[in-house]
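Spelled out, the chains give:
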Amino acid sequence: MSILLEHTPINSKSRGTDSETEVISHFFYCINVNDFQVAVEREQELQSEEMDPNRPPVPPGAARMPWLPPAAGRGFMIDPPPLGRARGLALAAAEPETGRGRGRASAAASEPPVSPFGRGISLPVPEAQVGIARGMLPPVEQKGLGRARGSLFTSLEPQVGMGRGASLFMEPLAEPVPPVKSQMLQLPEAVPGFVEEKKTPEKTEVDIPDPGSSLVSMIRELGIEPSKSWGRGAAPMGRGSVGGLAAAHQSLVSSVGFSSVGAEEPFPEGMTLRGTSFVGRGMVGAGRAPVSPVGFSRGPIASPELPPGPITPPPVSVALAGPPPVPVETTVAPVKVEAAREPLKKAGTKGNSITIGANYIPIRCKNEAVFQYHVTFTPNVEALSMRFGMMKDHRSTTGEVVAFDGSILYLPKRLDEVVHLKAERKTDNQEIDIKIQMTKVLPPHCDLCIPFYNVVLRRVMKIVGLKLVGRDHYDPSNAIVLGKHRLQVWPGYSTCIKETDGGLYLGVDVSHKVLRNDSVLNIMGVIYQQSPEHFQDECTKEFVGAIVITRYNNRTYRIDDIKWSKSPKDSFTLADGSETTFIDYYRKNYGITVKEIDQPLLVHRPKERSKPGGKQIITGEILLLPELSFMTGIPEKMRKDFRAMKDLTVHINVSAEQHTHSIKQLLQNINSNPEALNELQRWGLEISPEILMTQGRTLPMETICLQSASFVSSSSADWSREVVRDASISSIPLYCWAVFYPRRAAEQAEELVTMFGKVAGPIGIKLERPIRVELRDDRTETYVKSIQSQLTSEPNVQLVVCIITGNRDDLYSAIKKLCCVQSPCPSQAINVRTISQPQKLRSIAQKILLQMNCKLGGELWTVSVPLKHLMVIGVDVHHDVSKKKRSVMGFVASLNSLLTRWYSRVTFQMPNEEIINGFRVCLLAALQKYYEMNHSFPEKIVIYRDGVSDGQLKTVEQYEIPQILKCFETFPNYEPKLTFIVVQKRISTTLYSYGGERFGTPPPGTVLDHTVTNKDWVDFFLMAHSIRQGCGLPTHYISVYNTANLTPDHLQRLTFKMCHLYWNWPGTIRVPAPCKYAHKLAFLSGQYLHSEPAIQLADKLYFL
Amino acid sequence: MCRNGSDRMAALFSPPLYLQRYQFVIEYVKRFIPRKVIDLGCADCGLLRKLKFHRNAIEVLAGVDIDCAALRERVNALAPLTIDYLQPSPRPLTIELYQGSVTEREPCTQGFDLVTCMELIEHLQLWEVEGFSNVVFGYMNPCAVIISTPNVEFNPLLPGLRGFRNKDHKFEWTRAEFQTWALGVCMEYGYSVEFTGVGVAPGQNRDVGFCTQIAVFQRDAGVSNGPVNNAVQMEPTVYRLLYRVVYPSLCDNNIFQRTLVCQVLYRAESLKREFELGEQSMQSDLTACAHSLPPDVVAGSTVVYRHRSHVFVPLQHVWTDPKVQALCGNIHRLRQALMDDSRVQLDTDRDAIILPDEGEEEEDEEETGECEEGNLTPSPVIDNSEEDWETEIG
């Protein structure tokens, strides 16, 4: 499992290559497994940011436990049984803490009893939901996405049905309390959803365990009848039985991989009285255990804490025998309340309240439920297509709204419990009996349903006239045509239905697709004209990595390679085994005459992935004709052309006003289109016509401290004037430095040096005259040789300044390689253009001087962080372009309490290498360095980790963090507190300020920590930077681990403070400074150095 | 519908029979270049999807089926592709889908050049066939009709087949029966017919004929039920229009204009760039002294020139672009088209395109913030100095 790859769940272009069209068009009538799978996968990815409103985000602690340091949380578990019921209440309440806090376990312990009490109230909600949430996890886990708690079990059995069936038991508990109630403004729209949901419990009784699921049926044998509304009370019993079951099962289902559970934790029926916290957990266990092995995962985890004494041999016979001697009545009452799980505490309080909007649209589910059926064909029908066909013929029974994957059928309508249908197999006229058996009643908000909703949504988008390009929908009729640049910009939307802390929402982001009017062949022609000698290289540079769309279908492909040896005259093998040339293929199938016979072919290599069922691995290459492929995205050349980009960004960078207007337009188009409404209606969905309005906060302004001056940051979070007026915290005197410039830049170089002299004083920099080296030409070798000889002859050179002409990546790269790797010395490259305008020279010189000071090890400014013995670490990953798929991790750690000294490291990894290996090296080095400087180790470590997608959060939590903790063991008696925060920049959430009937951008420091947040984690959205143009794009922060016990307020404010400390920008930036530093460093190393920089530079910000 | 029997026959024919039927129609369209084609019993629009690519000159493509769900199923596949917007076709194309019965008279179905009716009639009751003939040949009265139906004589060669090829078939004809019906139709409505088919029997069983028999009808010259046509203009429609899409094409004036202007501007811009590059090299060579010639010298000239802060690109130069030529046909039309377009600025003689000379003034966005001088309003001071998170953490 490589956690290196940064995933952008929403925007990743490369993913958009599959057959969306097909998925959509098939869905209602039949979903063939592929499509279904694709749809589901996609949903799961898409949902990544999402949460469930009604589903308080309490994740069961179990899977997390292993990393909990011996914290107080455990104490609970060891509590002797007698405490059981009496304390049950409080404990169970505390229990969520353990789970949720990932590491907050200790908090649970120290928490005053008051809070459990308070929590008790909202208890009912979460628990059941947890069960459900789980239910859907197994499929995820199979994919290794690790979203589920139990993802330790990578090879989960595909008994999805069973898992789901089981989760329903918990259903009755599921309903009532809107979780966030107390916290923030709830949209009225959201409320009806809850109300409706209350109806579900009764319905749930119908639940019929999947026949194939042995676990479930065993539970039934044990007497836990799902139809009984046993409420919360039954839970402990469930646990007990589950324990037993597990034991019993051990011999039966060894493949599941939870044998250890059975062995170590064979809870017999009476088990409920065991350790108090287990009462609570038992509860969970019950809900969960049947779900799938997931439930059991807590088993092995919990077991170490159990006193070995009480272990009773697994009552195998009993479990299998049927009537279980489970003391139902005794347990029912007390546990009831404990079932409670309450939403994660993620709301902060600091700062001023502000009304903000977000690009989330509340969705109401009017259906009472979605019904899941198991379909069996007797005699068995192997071919899926035939199964689909047969089901299709029975639309009169199932209705038109069908989601079917070949054996599991979802309908928004209730059929009889068992329905038998007849069909005839066309091949042999065999009569087939189709048995449709209801297995589950899902609440309409259920995670399982969201994929269907998203399929519906895609249809709706098409109905309102939008075209699918890649993964998003665009409106060609409003295309902006930039004739000059031969491209079109299609406005559109990236949409996704997701579940957040606040409920079910439609997330809409305004998106633009840049499409080019030219085929790849046309562009090749242009390239050939420009540089016939480097034609192939230039083409590779231009096209590899680009996304193309083909002339004959709407698919997009990423170009991975160009096959120069091939041409359309070559032939390939069709699915039926016959050979055909490309020319014939396109003529025959699409009536396209290939005009250019001598063109190379483009290669797309699909990501290897196995088809569902693991039958077949899709590999190989897809070859495309340049003539029939059209480029998408902004051309590389244009990106570098400031003026051209301006033409483009004018259209792409929409203001908040335009953004909201576009969204409202879409909502209106949907809500006024009967066909679209009808489509939504099929699954009982109703999209609100208004975007979400809620209350956020603006965090307090920070005081920026220079050497002696300090000031409160302005409302625009910009202190460019102040930093050049007063002395920086510390400045390195520049006694010996060298400026290299080509002859024709001599004048500018001289002026710059003079200007440096003028502006250095106020900043507090002592500056001697530099060694001036005039180069006879501006060739790369000339620079390199001169610098090299200078550095050799004058080993005391503190800084190399190079004035270069034009945008020359090769030269820049050569200079940096020399100065960062071969002959380590801080270096500053200056484009002559930036210093050619006399009226700007002063401010440019000031900026450069500050930057040079940083590179030398000076310190510019800081903010106060009221935490002692703190180390803040930033981590980001960059993908190296030169070495395919190799990625670079940048690591930056603070070394002092002012957070002004930074230690940085870089590691390179191959695709399958775990980032953590490199990370460990970096962390140990940073800790040692910290010790050298402070004569102690940091007590608290806060890690900001960029580049982790939602799908990888679990991996981080379960794999990276334990490794990090292990790292600390290197030092004797060293157990620092750790907070691990994932930083996500590329998210689709947009925040708007709202005032005077107008939408704008929220001020820097705006934080939103509820409603649109993720139900599974403590997370928040923070907009730290000030926005000059465009929309308010916040950064998403997820606290994955927090033994430092930072409260939501601390997390938010610390993060905001860190956004003040990027010295290349006298203002706040989008991400915490260490992340930005790490990014810069990784970028430099991956893009230009292609190797690790010299260790001598590690304690300076040489990479700025 | 037409694909239903294909399971059984998949092994027998390659490519599958239904594809062969489609191919037959495609070949026909290629030869006879109809402009309006309607497919009766189009089911999931398989044939229409094929024809959409093999358009030749088709401008209207319609489909009719009685099964609304089947029609809807793949309807999105008929929508224009991204590329259709990027490079609009020179010809228009409209695709329409109707739900309705082929035994009903629907005014919209009149005036087609070609009616295809693949594997449809055998789904009608025998007594309905006459009504069908009347509607298709008498009422719709297209130039040509292609009708295919199973050849029952072939059935013994299909392994394991009992009865008809599909449960929904009401009859399956022998070649003689089919031909009798077809010739009868010709007599009555003034058509001539040719018989052929697809799906050749394997081995020596050739005498059973094609698996699918096909009749291609041509309306006899001069015979047209013109009067009927006019008379029914007022008739109410009986079909339900389920889907209609108009493809972007250069026949749409706006699209044409836009495409042309884009091409012209692009061409003009690249000419201007070449010119500027030339200018620069001249400057650096310090050889050219008069790079900005007075306008009277160059008026009506065919070279790019600069006047004040504008660059003039003669239309003659732009015209050399083959794409522009393809769009406009002649330079006068080009001039005409550009004259009234606000996106293009022509000089007074309408001989050159004027492009602004975006000289050196480049604004660095990042610097703009600096203009707000003295904007240092002291913000509400919040004193953080007293804070101690340590105690809060506990």
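Residues numbered from 1 in each chain as written. Chains lettered and ligands numbered in written order. Predicted model: local features only at pLDDT ≥ 70, side-chain atom pairs only at ≥ 80, totals over all residues. Heavy atoms only, no water.

Peer 1: Requested: an account of the pattern of salt bridges, with residues and values cited.
Peer 2: All names here are of chain A. Counted according to the given criterion, the structure contains 44 salt bridges over all chains. Between Asp778 and Arg744 there is a salt bridge whose closest N-O contact spans 3.5 Å. A residue pair is termed long-range when its members are at least 10 positions apart, and Asp778 in the loop between strand E28 (771-775) and helix H32 (780-793) and Arg744 in the loop between strand E27 (737-742) and helix H31 (746-763) qualify at 34 residues. A residue is classified by how much of its surface remains accessible, and Arg744, at 66% relative accessible area, is exposed. In this structure, Asp1099 engages Lys929 in a salt bridge whose closest nitrogen and oxygen atoms are separated by 3.8 Å. Taken together, the residues span a long stretch of sequence, with Asp1099 in the segment after helix H38 (1073-1089) and Lys929 in helix H35 (residues 915-934) at a distance of 170 residues. (Salt bridge = Lys/Arg side-chain N within 4 Å of Asp/Glu carboxyl O. Helix = DSSP H or I, 4+ residues; strand = E, 2+ residues; numbered from the N terminus. Buried < 20%, exposed > 50% of the residue type's maximum accessible area, 1.4 Å probe, protein only.)

Peer 1: Describe the layout of surface pockets, with residues and values.
Peer 2: For the second largest pocket, the calculated volume is near 1700 Å³. Arg551 and Lys595 of chain A together with Gln87, Ser89 and Pro90 of chain B are the residues nearest the centre of the second largest pocket, which is lined by 50 residues in total. Secondary structure elements with two or more residues in the lining of the second largest pocket: strand E12 (503-519), helix H23 (520-530) and helix H25 (582-590) of chain A together with helix H2 (17-32), helix H3 (46-53), helix H5 (82-86), helix H9 (253-285) and helix H12 (322-328) of chain B. Broken down by element, the lining of the second largest pocket gets its largest block of residues, five residues, from H9 of chain B. Residue classes in the lining of the second largest pocket are distributed as 22 nonpolar, 13 polar and 15 charged. Three or more residues apiece are contributed to the lining of the second largest pocket by two domains, here domain 1 (5-247) and domain 2 (253-284 + 303-356) of chain B. (1 Å grid on protein atoms, 1.4 Å probe; cavity = no way out; pocket = protein on both sides within 12 Å on 5 of 7 lines; lining within 4 Å. Points joined across faces, edges and corners; volume = space filled by probe spheres on them. Nonpolar A, V, L, I, M, F, W, Y, C, P; charged D, E, K, R; others polar. Domains from an automatic or database assignment.)

Peer 1: Hey, could you go over the side chain of Glu96 of chain B for me, with residue numbers and the actual values?
Peer 2: Residue and element names in this part refer to chain B. Mapping Glu96 onto the fold places it in strand E3 (residues 94-99). At 2.7 Å, the side chain of Glu96 and the side chain of Arg244 are in polar contact. When sequence neighbours within four positions are dropped, the list of residues in contact with Glu96 reads Leu61, Ala62, Gly63, Leu241, Tyr243 and Arg244. (Polar contact = N/O pair within 3.5 Å; in protein donor to acceptor, adjacent residues only side chain to side chain. Contact = heavy atoms within 4.5 Å.)

Peer 1: Tell me about the domain arrangement of chain A, and name the residues and values.
Peer 2: Examined at the domain level, chain A breaks down into domain 1 (370-442), domain 2 (731-856) and domain 3 (867-987 + 1034-1097). One C-alpha centre belongs to domain 1 of chain A, the other to domain 3 of chain A; they are set 52 Å apart.

Peer 1: Outline the pairing of E28 of chain A, listing residues and values.
Peer 2: Residue and element names in this part refer to chain A. Examined bridge by bridge, E27 and E28 share five bridges and lie parallel to one another. For Phe740, the partnering residue across the bridge sits in E28 and is Val773. Read as a crossover between parallel neighbours, the route from E27 over H31 to E28 is right-handed. (Pairing = 2+ DSSP bridges. Right-handed = clockwise from strand over helix to strand, strands pointing away.)

Peer 1: Can you break down the side chain of Thr660 of chain A residue by residue, with the values?
Peer 2: Residues and elements named next belong to chain A. Residue position: Thr660 is located in helix H28 (residues 656-671). Taking relative accessible area as the criterion, Thr660 reaches 2% and is therefore assigned buried. With residues near it in sequence (within four places) discarded, Thr660 still touches Ile691, Tyr992 and Phe999.

Peer 1: Help me get a handle on the pairing of strand E13 (residues 547-550) of chain A, residues and values and all.
Peer 2: Each regular strand shows side chains that alternate between the opposite faces of the sheet. Residue and element names in this part refer to chain A. Of the two faces of E13, both are covered, the one formed by Ile547 and Ile549 as well as the one formed by Val548 and Thr550. Where E13 and strand E14 (residues 556-558) come together, three bridges link them in antiparallel fashion. Along E14, the bridge assignment pairs Ile547 with Arg558. Here E13 folds back onto E14 in antiparallel fashion, the turn holding five residues. Where E13 meets strand E22 (residues 629-632), three bridges bridge the pair, whose relative direction is antiparallel. Of the residues in E22, the one forming a bridge with Thr550 is Ser629.

Peer 1: Just give me the short version of helix H20 (residues 384-392) of chain A, but keep the residues and values in it.
Peer 2: Listed as buried for H20 of chain A are Arg387, Phe388, Met390 and Met391 of chain A. One face of H20 of chain A carries all of its buried residues, which in axial projection span an arc of 165°. (Arc of directions from axis to C-beta.)

Peer 1: So, the nonpolar core: which residues are in play, and what are the values?
Peer 2: By size, the foremost hydrophobic cluster in this structure holds 89 residues, and its most contacted members are Leu752, Ile803, Met852, Trp861, Tyr944, Leu1054 and Tyr1077 of chain A. Two domains each donate at least three residues to this core, and these are domain 2 (731-856) and domain 3 (867-987 + 1034-1097) of chain A. (Core = buried A, V, L, I, M, F, W, Y, C linked by side-chain atoms within 4.5 Å.)

Peer 1: Describe the sheet that holds strand E10 (residues 310-314) of chain B, and please don't skip the residues or the numbers.
Peer 2: All names here are of chain B. Spatial strand order, E9-E10-E11: three strands in an open sheet with antiparallel pairing. The two strands at the open ends of the sheet, each matched to only one other strand, are strand E9 (305-307) and strand E11 (352-356). Direction aside, neighbouring strands of the sheet carry axes that sit 30° apart on average. Two strands pair when backbone bridges link them, and E9 and E10 are joined in this way by three bridges, in the antiparallel orientation. Paired with Tyr305 across the bridge in E10 is Phe312. (Axes fitted to C-alpha atoms, helices over the stretch in contact; angles between N-to-C directions.)

Peer 1: With reference to specific residues and values, describe the sheet that holds strand E31 (residues 870-879) of chain A.
Peer 2: The pairing of strands in a sheet happens through backbone hydrogen bonds and is either parallel or antiparallel. Residue and element names in this part refer to chain A. Strand order in the open sheet formed by twelve strands is E33-E32-E31-E34-E35-E40-E39-E38-E24-E1-E36-E37, and the pairing between neighbours is mixed. Of all the strands in the sheet, just strand E33 (902-909) and strand E37 (998-1000) have a single pairing partner and so form its edges. Taken pair by pair, the neighbouring strands of this sheet meet at an average axis angle of 30°, ignoring direction. By the bridge criterion, eight bridges tie strand E32 (residues 887-894) to E33 in an arrangement that is antiparallel. Residue pairing in the sheet places Ala893 in a bridge with Tyr903 of E33. Together, strand E34 (940-946), strand E35 (977-984) and strand E40 (1035-1042) form the strand contacts of helix H36 (residues 953-968), whose direction differs from that of E35 by roughly 145°. Here helix H37 (residues 1048-1058) sits on the sheet and contacts strand E24 (692-698), E31, E33, E34, E35, strand E38 (1006-1008), strand E39 (1018-1023) and E40; the angle it forms with E39, its principal contact strand, is near 35°.

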